[in-house]
Amino acid sequence: MFKDISIEQLLSLKDQGKINMIDVRSPSEYKEATIPGSLNIPFFDDKERAEIGTLYKQVSPQAAKERGLEIVSAKLPAFVKEFARIPGEKSVFCWRGGMRSRTTATVLSLMGISVLRLKGGYRAYRQWVVEQLCALDIKQRVYVINGNTGSGKTALLHRLRQEGFPVIDLEGLANHRGSIFGQIGLQPHNQKTFDALLTEELKRFQSSPYLLLEGESKRIGKVTLPDQLMKAKEQGTQLVIDMPIEERIIHILEDYQPWDYKQECLEAFRRIKRRIHTPIAKQIESDLEADCFASAVKLLLEYYYDPLYEHSTNQYDEDRIVTIQAHNTGEAVEAIREYLTTITQH
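Residue positions are counted from 1 within each chain, in the order its sequence is given. Thresholds applied to this predicted model are a pLDDT of at least 70 for local features of residues and 80 or more for the giving and counting of side-chain atom pairs; totals over whole chains, interfaces and linings are not thresholded and use all residues. Each side-chain value is worked out from all heavy atoms of the structure, with water and hydrogens disregarded.

On to the sheet that holds strand 4 (residues 90-93). Sheets are built from strands that pair by backbone hydrogen bonding, the pairs being arranged parallel or antiparallel. Here the rule is simple: two strands pair whenever DSSP picks up at least two bridges between them. Only runs of H or I of at least four residues qualify as helices and only runs of E of at least two qualify as strands under DSSP, and these elements are numbered from the N terminus. The five strands are arranged 1-5-4-2-3 in an open sheet whose pairing can be described as parallel. The open sheet has two edge strands, strand 1 (3-5) and strand 3 (39-40), and neither has a second partner.

Below, the structure written as structure tokens:
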């Protein structure tokens, strides 16, 4: 028979790279949120799950079970083969450690496939994540990469992360660039997915002497940052990138590729149009419609984003601001690397 394990036991095995986690919920449940790194081998697809749920509510639990057995029986050989192809230790989970994971684990055990089952299912994991974030206490020093829109902050963080620096890419975890144009070309994550990914990152760097974050507002796309993280960010040292506007325009065009998402850019701009002086707003819209994207970006920076950023930076004490002069991302990376190396040696 299979063995039940707790969320703590599962995460310990996960951290050691000793477990393959399989989410047996439907594809839509898996897409909504799962334990990061899990595979999806659904016990029922979305249509089957809806049918069984309707039977359960409108007919009887017994009728739902019988229909479920009928569906599973037909695809059981393929279902078992899919699990058999996965090497090493395996753990299965469903919504709350109920029928789907129990039946999966039982069948696999009978077929000689060793499997563990997560007690409490995904719901237990979500509760663990919420508890971790509620108890969040960031003791490390925090360095915040800041600067005007287009300063290459995300690219800079990615470079530093590749070099082994303790970087938490908040925009990456949210899958959103953090502006009104931020979701263009992306599928933003929901709060559950963001919370799970953030918790994993914080756990990963819990022994680091400091953390590197990007300057973000409390809300990034669909998600909200924890209060404790916002407090640590606001009290951290602000590494402000000062970069020429011409270079910033290039970064924005490379990141957003507006020529591929022209309509989405226009729709996003129209949501902020009223906040910009009318003649300028009219020119920006005209430039976007005429594919003059560099001109549109320059006006957006000068008349919308740069004034916003100047206002937001006034909240920081001067003694917590370190200005990084750079002509491009490479120079900014080198300067921050040198600064962090020097400061952490004292």
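What follows concerns the environment of valine 240. Following the sequence through the fold, valine 240 ends up in strand 10 (residues 237-242). Relative accessibility decides the category of a residue: with a 1.4 Å probe and only protein chains considered, values under 20% of the type maximum give buried, values over 50% give exposed, and everything between is partly exposed. A relative accessible area of 16% means that valine 240 is categorised as buried. For the pair valine 240 and glutamine 325, spaced 85 residues apart in sequence, the C-alpha to C-alpha distance is 8.4 Å.

Bringing the layout of surface pockets into the picture now. By volume, the second largest pocket is sized at about 810 Å³. Within this scheme a cavity is a closed region of a 1 Å grid, computed over the protein atoms alone, that accommodates a 1.4 Å probe without allowing it to escape, whereas a pocket is open but has protein on both sides within 12 Å along at least five of seven lines; lining residues each have an atom within 4 Å of a point. Phe44, Ile52, Tyr56, Met99 and Arg100 are the residues nearest the centre of the second largest pocket, which is lined by 24 residues in total. Among the elements of the structure, helix 3 (46-58), helix 4 (61-84) and helix 5 (99-110) are those that each provide at least two residues to the lining of the second largest pocket. Sort the elements by how many residues they give to the lining of the second largest pocket and helix 4 lands first, with eight residues. Grid points are joined across faces, edges and corners, and a volume is the space filled by probe spheres set on the points.

Turning to its location among the elements, arginine 100 is positioned in helix 5. The exposure class assigned to arginine 100 is buried, which follows from its relative accessible area of 11%. As used in this structure description, the phrase polar contact means that two N or O atoms lie within 3.5 Å; if the pair is within protein, one of them must be able to donate a hydrogen and the other to accept it, and residues adjacent in sequence are counted only when both atoms belong to side chains. Of the polar contacts made by the side chain of arginine 100, one reaches the side chain of glutamate 29; its length is 2.7 Å. Other than its neighbours up to four places away in sequence, arginine 100 contacts Val24, Arg25, Ser26, Glu29, Phe43, Phe44, Arg49, Cys94 and Trp95. The criterion used for residue contact is that any of the two residues' heavy atoms lie within 4.5 Å.

Attention now moves to the nonpolar core. Counting residues in each nonpolar core, the largest one holds 37 residues, and the members touching the most others are Leu10, Ile35, Tyr125, Ile168, Leu170, Phe194 and Leu198. Looking at this core, the elements that each hand over two or more residues are helix 1 (7-15), strand 5 (116-118), helix 6 (121-134), strand 6 (141-147), helix 8 (170-174), helix 9 (191-204), strand 7 (210-214) and helix 10 (227-235). By residue number, the principal contributor to this core is helix 6, which donates five residues. Apart from the residues lying within four places of it in its own chain, the contact partners of phenylalanine 194 are Leu170, Leu173, Ala174, Val223, Thr224 and Leu225. In terms of nonpolar packing, the next biggest core, distinct from the first, is built from 25 residues, Ile245, Ile249, Ala281 and Leu301 among them. The set of buried Ala, Val, Leu, Ile, Met, Phe, Trp, Tyr and Cys residues whose side-chain atoms join them within 4.5 Å is what this entry labels a nonpolar core.

Reading across from one edge, 7-6-10-11 is the order of the four strands in this open sheet, with parallel pairing throughout. Each edge of the open sheet is held by one strand with a lone partner, namely strand 7 and strand 11 (321-325). The average undirected angle you get between the axes of adjacent strands in this sheet is 25°. Bridge analysis of strand 10 against strand 11 gives five bridges, and the strand direction is parallel. If you follow valine 240 over to strand 11, its bridge partner there is threonine 323. A fitted line through C-alpha atoms represents every axis, and for helices the fit uses only the stretch in contact; the resulting angles, taken between N-to-C directions, go from 0 to 180 degrees. The strands touched by helix 15 (residues 329-344) within the sheet are strand 6, strand 7, strand 10 and strand 11, with strand 6 carrying the most contacts at an inclination of about 160°.

Generally, phi is negative for residues other than glycine and the peptide bonds are trans, each holding for most cases. For asparagine 175, which is not a glycine, the phi torsion comes out positive at approximately 55°. Tracing the sequence through the fold places asparagine 175 in the loop between helix 8 and helix 9. The partly exposed category is assigned to asparagine 175, whose relative accessible area is 24%. Look at glutamine 257: it is not a glycine, yet its phi comes out positive at around 45°.

Here we take up the side chain of glutamate 29. Looking at the element boundaries, glutamate 29 is found in helix 2 (residues 27-32). Within the local environment of glutamate 29, its side chain forms a polar contact with the backbone nitrogen of serine 26, the two atoms lying 2.9 Å apart.

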